[in-house]
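Listed here are the chains, written in short residue letters.
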Amino acid sequence: MRMILVGPPGAGKGTQAARLITLLDIPHISTGDMLRAAVKEGTELGKQADAFMKRGDLVPDDVVIGMVIERISMEDCGSGMMLDGFPRTRPQAEALGVALEQAGLALDSVVLIEVPDGSIVSRIVGRRSDPKTGRIYHLEFDPPAEDVVDRLVQRKDDTREACVARLRKYHSETAPIIPFYDALGILRRVDGVGSPDEVTERVRAALKV
Ligand code: AMP
């Protein structure tokens, strides 16, 4: 299975991806995770991306496209992959299409997790992750157990200001990829409002897995 998860920030892409990759046994390619790792390691790419990410802007296409093309040419992506957070612009979608075509591969599905704008800010500002397990929680909607709460961390771009900027970017830059994939007949729309389990069931139904 070669698939993409699309949706506004805070839609639950990371949460759903973590569940689906186990089920489908495919690598999870999250450009957000890759960029955060590069920033943490202080690589050249991380230095280029840091300021864009902090203010909720998109990292320039050429930087992200190069990073993803290198990653998806690795052996573990031979029989499938789950792209999460990529593509986020039309040029990224077009570059991915060219790279896959050159490799004789095609996308099976693009899952769009839909969440209304009005719920996004509260979903994002309450989000925390466990650096030990990678598990994502929400302080109110998916509260952590008492023994893990003290070690949870908040993403630097999960502030109200950066969140508003990211949502604006989503509508101006990312939403245009939706008709692009719809025209290819591979877009599946899923309601992202509900518990993580409910959304997983909807995604599974949409993918028939
Ligand atoms: P995410 O974890 O997917 O929410 O991504 C966090 C941040 O990383 C985004 O707000 C962007 O600054 C950057 N980023 C992640 N993926 C991309 C992408 N495909 N294109 C441009 N910037 C990206």
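As a reminder, the structure under discussion sits directly above these lines.
If you're wondering where the values come from, they're calculated on a predicted model, not measured in any experiment.

Focus: the side chain of R128
Part 1 of the reasoning: Position of R128 relative to the elements: it lies in strand β5 (residues 127-129).
Part 2 of the reasoning: Of the buried charged residues, R128 lacks a salt bridge, with D158 as the closest side chain of opposite charge at 6.5 Å.
Part 3 of the reasoning: Engagement of the side chain of R128 in a polar contact is seen with the backbone oxygen of V125, the distance being 3.0 Å.
Part 4 of the reasoning: Not counting chain neighbours up to four residues away, the residues in contact with R128 comprise R135, I136, Y137, L139, L152, V153 and Q154.

Points about the nonpolar core
Part 1 of the reasoning: Within the largest apolar cluster, 29 residues are counted, with the highest numbers of intra-cluster contacts made by I4, I72, L83, L96 and Y181.
Part 2 of the reasoning: Among the elements of the structure, β1 (2-6), α3 (44-54), α4 (61-72), β3 (81-84), α5 (90-102), β4 (109-114) and α9 (177-183) are those that each provide at least two residues to this core.
Part 3 of the reasoning: Per element, the largest residue contribution to this core is six residues, and it comes from α4.
Part 4 of the reasoning: Setting aside anything within four residues of it in sequence, one finds L96 in contact with I4, I72, L83, F86, P87, L107 and Y181.

Notes on the packing of helix α2 (residues 31-41) against α3
Part 1 of the reasoning: Close contact between α2 and α3 brings their axes to 8 Å; oriented N to C, the two are set at 115°. By the angle between their directions, the pair α2 and α3 is classed as roughly perpendicular. Like other packed secondary-structure pairs, α2 and α3 cross with a definite hand, here left-handed. Seen from α2, the contacting residues are G32, L35, R36, A38 and V39; seen from α3, they are L45, G46, A49, D50 and M53.
Part 2 of the reasoning: For the contact of α2 with α3, the residue count by class is six nonpolar, two polar and two charged.

Considerations on the site of the ligand
Part 1 of the reasoning: In the vicinity of the ligand lie 16 residues, with T31, D57, G85, R88 and Q92 positioned nearest.
Part 2 of the reasoning: In this structure, G85 approaches the ligand through a main-chain N or O atom, which is 2.9 Å from a nitrogen atom.
Part 3 of the reasoning: Q92 is positioned with one of its side-chain polar atoms (N or O) 2.9 Å from a nitrogen atom of the ligand.
Part 4 of the reasoning: A total of 480 Å² of accessible area belongs to the ligand in isolation, and the protein chains cover 96% of it.

Examining the pattern of salt bridges
Part 1 of the reasoning: A full pass over the atoms with the stated rule returns 15 salt bridges.
Part 2 of the reasoning: Across the pair D33 and R36 runs a salt bridge, and its minimum N-O distance is 2.8 Å. On the criterion of helical spacing, the pair formed by D33 and R36 is a turn pair, its members being three residues apart in helix α2.
Part 3 of the reasoning: Overall, the relative accessible area of 41% leaves D33 in the partly exposed class.
Part 4 of the reasoning: Classification of R36 as partly exposed rests on a relative accessible area of 28%.
Part 5 of the reasoning: Each of R127, R155, D157, D158 and R166 takes part in a single network of salt bridges with overlapping partners.

Description of the environment of D62
Part 1 of the reasoning: Note that D62 resides in helix α4.
Part 2 of the reasoning: Remark: the alpha-carbon pair of D62 and Q16, spanning 46 residues in sequence, is separated by 27 Å.

Observations concerning the side chain of Q16
Part 1 of the reasoning: Positionally, Q16 belongs in helix α1 (residues 13-24).
Part 2 of the reasoning: In contact with Q16, other than residues within four places in its own chain, are I113, P196, V199 and T200.

A few points about the pairing of β4
Part 1 of the reasoning: Burial analysis of β4 places five of its six residues in the buried class, the great majority of the element.
Part 2 of the reasoning: Note that β1 and β4 share four bridges and pair parallel. Across the sheet, M3 pairs through a bridge with S109, a residue of β4.
Part 3 of the reasoning: The pairing of β4 with strand β7 (residues 187-191) spans five bridges and is parallel. By the bridge assignment, E114 is partnered in β7 with D191.

A word on the sheet that holds β7
Part 1 of the reasoning: Spatial strand order, β2-β3-β1-β4-β7: five strands in an open sheet with parallel pairing. Looking at the sheet topology across the chains shown, the edges are occupied by β2 (28-30) and β7. Strand after strand, the sheet turns through a mean of 20° between neighbouring axes, direction not considered.
Part 2 of the reasoning: Sheet strands touched by helix α10 (residues 196-207): β1, β4 and β7. Its angle to β7, the strand with the most contacts, is close to 155°.

Thresholds applied
Residues numbered from 1 in each chain as written. Predicted model: local features only at pLDDT ≥ 70, side-chain atom pairs only at ≥ 80, totals over all residues. Heavy atoms only, no water. Helix = DSSP H or I, 4+ residues; strand = E, 2+ residues; numbered from the N terminus. Buried < 20%, exposed > 50% of the residue type's maximum accessible area, 1.4 Å probe, protein only. Lys, Arg positive; Asp, Glu negative; His and termini not counted. Salt bridge = Lys/Arg side-chain N within 4 Å of Asp/Glu carboxyl O. Polar contact = N/O pair within 3.5 Å; in protein donor to acceptor, adjacent residues only side chain to side chain. Contact = heavy atoms within 4.5 Å. Core = buried A, V, L, I, M, F, W, Y, C linked by side-chain atoms within 4.5 Å. Axes fitted to C-alpha atoms, helices over the stretch in contact; angles between N-to-C directions. Parallel < 35°, antiparallel > 145°, perpendicular 65-115°, else oblique. Left-handed = near helix turned anticlockwise from the far one by under 90°. Nonpolar A, V, L, I, M, F, W, Y, C, P; charged D, E, K, R; others polar. Near = heavy atom within 4 Å. Areas by Shrake-Rupley, 256 points an atom, 1.4 Å probe, with all protein chains shown as cover. Pairing = 2+ DSSP bridges.

Spatial relationships are all this shows, so hold off on functional conclusions.
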